[in-house]
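# Coordinate analysis (summary)
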Amino acid sequence: MTDAPRDPRQISDLNPDPIAEFTDWFEAAKAAGASRPDAMVLATATEAGVPSARMVFLRGFDARGWVFYTNYESRKGQEMKANPAAALMFYWDAISRSVRVEGQVEKTTTEESERYFGGRPRDSQLGAWASQQSRVIAGREVLDERMAQLSHDFCDRDVTLPPFWGGYRVVPERIEFWISRPSRLHDRFCYRKQADGTWKIVRLSP
Ligand SMILES: Cc1cc2nc3c(=O)[nH]c(=O)nc-3n(C[C@H](O)[C@H](O)[C@H](O)COP(=O)(O)O)c2cc1C
């Protein structure tokens, strides 16, 4: 049996470690039956600061940051190459809470990406090879033809990690926890990373 999710109202109710606090919230969202609690918005920007956003799935998190996997040559990949800053956002309607994460991005190691990729279904592995993500294609048949060719190419062996595919980790500098409250007077708690590596928590006006 899981504990009832804590309902922080004061900074003193929060775990000083934002990863531990996030873990509690993520588990609470799952326990409340949130549909795809691991779905998050990823915002990136070009070097000139023009923003773009899309959904990705959270594939892991720990003290080092939040990890997702994608095509390194996609639009997001190109933006993060030119401007390695990103923001993530979760919204869990089932618990009326939201979390925002902001920081710099780094690629996961090849070993980490290989481990994740190796655990994916074979068709997803082939799909990663088949798609030149974010590029214009003439039609679906282009993908069908690539899949057929790749199935043939890899027919007698494991599908290897494409060199253009892997993970990114958002290394947090700022993490905000938001809880819906009546009369739009929501609770907002913001953890900011200090120069000495510790976290300072402040309350933000809703
Ligand atoms: C719920 C959801 C989860 C998704 N997860 C991923 C993901 O983990 N990785 C990914 O590359 N694309 C994922 N996508 C597709 C992206 O939203 C997007 O279409 C794709 O990554 C191309 O984005 P870009 O052109 O901005 O690079 C997901 C879409 C949805 C709706």
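Just so it is clear, the structure is predicted and the values come from calculations on it, not from any experiment. (Residues numbered from 1 in each chain as written. Predicted model: local features only at pLDDT ≥ 70, side-chain atom pairs only at ≥ 80, totals over all residues. Heavy atoms only, no water.)

Within the protein chain, the secondary structure is distributed over five helices and nine strands. Counting only C-alpha atoms and orienting by the principal axes, one finds that the protein chain spans roughly 60 × 45 × 35 Å. By the burial criterion, 40% of the 206 residues in the protein chain qualify as buried. Accessible surface, the protein chain as shown: approximately 11600 Å² in total, 51% of it carbon and sulfur. Of the side-chain charges in the protein chain, 29 are positive and 29 negative, and the distance between the mean point of each set is 5 Å. (Helix = DSSP H or I, 4+ residues; strand = E, 2+ residues; numbered from the N terminus. Buried < 20%, exposed > 50% of the residue type's maximum accessible area, 1.4 Å probe, protein only. Areas by Shrake-Rupley, 256 points an atom, 1.4 Å probe, with all protein chains shown as cover. Lys, Arg positive; Asp, Glu negative; His and termini not counted. Charge placed at Lys NZ, Arg CZ, Asp CG, Glu CD.)

In this section: the side chain of Glu 112. Within the secondary structure, Glu 112 sits in helix α3 (residues 110-118). Residue Glu 112 is classed as buried on the basis of its relative accessible area of 14%.

Right, let's talk about the UniProt feature "binding site: FMN" (unreviewed entry) in the protein chain for a bit. Residues given the UniProt feature "binding site: FMN" (unreviewed entry) here are Tyr 69, Thr 70, Arg 75, Lys 76, Gln 133, Ser 134, Trp 178 and Arg 188. Spanning 120 residues, the named residues do not form one spatial group; their C-alpha atoms are separated by as much as 35.8 Å. When near neighbours in sequence (up to four residues on either side) are disregarded, Thr 70 contacts Lys 76, Gln 133, Phe 164, Trp 165, Gly 166 and Tyr 168. A distance of 2.8 Å separates polar atoms of two side chains, one belonging to Thr 70 and the other to Lys 76. (UniProt positions renumbered as here; feature names shortened; annotations may be inferred. Contact = heavy atoms within 4.5 Å. Polar contact = N/O pair within 3.5 Å; in protein donor to acceptor, adjacent residues only side chain to side chain.)

A few words now on the site of the ligand. Around the ligand, a shell composed of Arg 54, Met 55, Val 56, Phe 57, Tyr 69, Thr 70, Ser 74, Arg 75, Lys 76, Gln 133 and Ser 134 is seen. A distance of 2.7 Å is found between an oxygen atom of the ligand and a backbone nitrogen or oxygen belonging to Met 55. Between Ser 74 and the ligand, the recorded distance is 3.4 Å, taken from a side-chain N or O atom to an oxygen atom. Look at the ligand: alone it shows 620 Å² of surface, and the protein chains cover 65% of it. Where the shell around the ligand is concerned, the elements lending two or more residues are β2 (51-57), β4 (65-71) and α2 (75-82). Per element, the largest residue contribution to the shell around the ligand is four residues, and it comes from β2. In terms of residue class, the shell around the ligand is made up of four nonpolar, four polar and three charged. (Near = heavy atom within 4 Å. Nonpolar A, V, L, I, M, F, W, Y, C, P; charged D, E, K, R; others polar.)

With that settled, the discussion passes to the pairing of strand β7 (residues 165-179). Within a regular beta strand, the side chains point alternately toward one face of the sheet and then the other, so they alternate between its two faces. Of all 15 residues in β7, eleven are buried; the element is thus mostly enclosed. Strand direction decides the pairing type here: β4 and β7, joined by six bridges, are antiparallel. Paired with Trp 66 across the bridge in β7 is Val 170. Bridge count between strand β6 (residues 97-107) and β7: eleven bridges; the pairing is antiparallel. Within the sheet, the bridge partner assigned to Val 105 lies in β7 and is Val 170. When β7 meets strand β8 (residues 187-193), the two strands line up antiparallel, connected through six bridges. (Pairing = 2+ DSSP bridges.)

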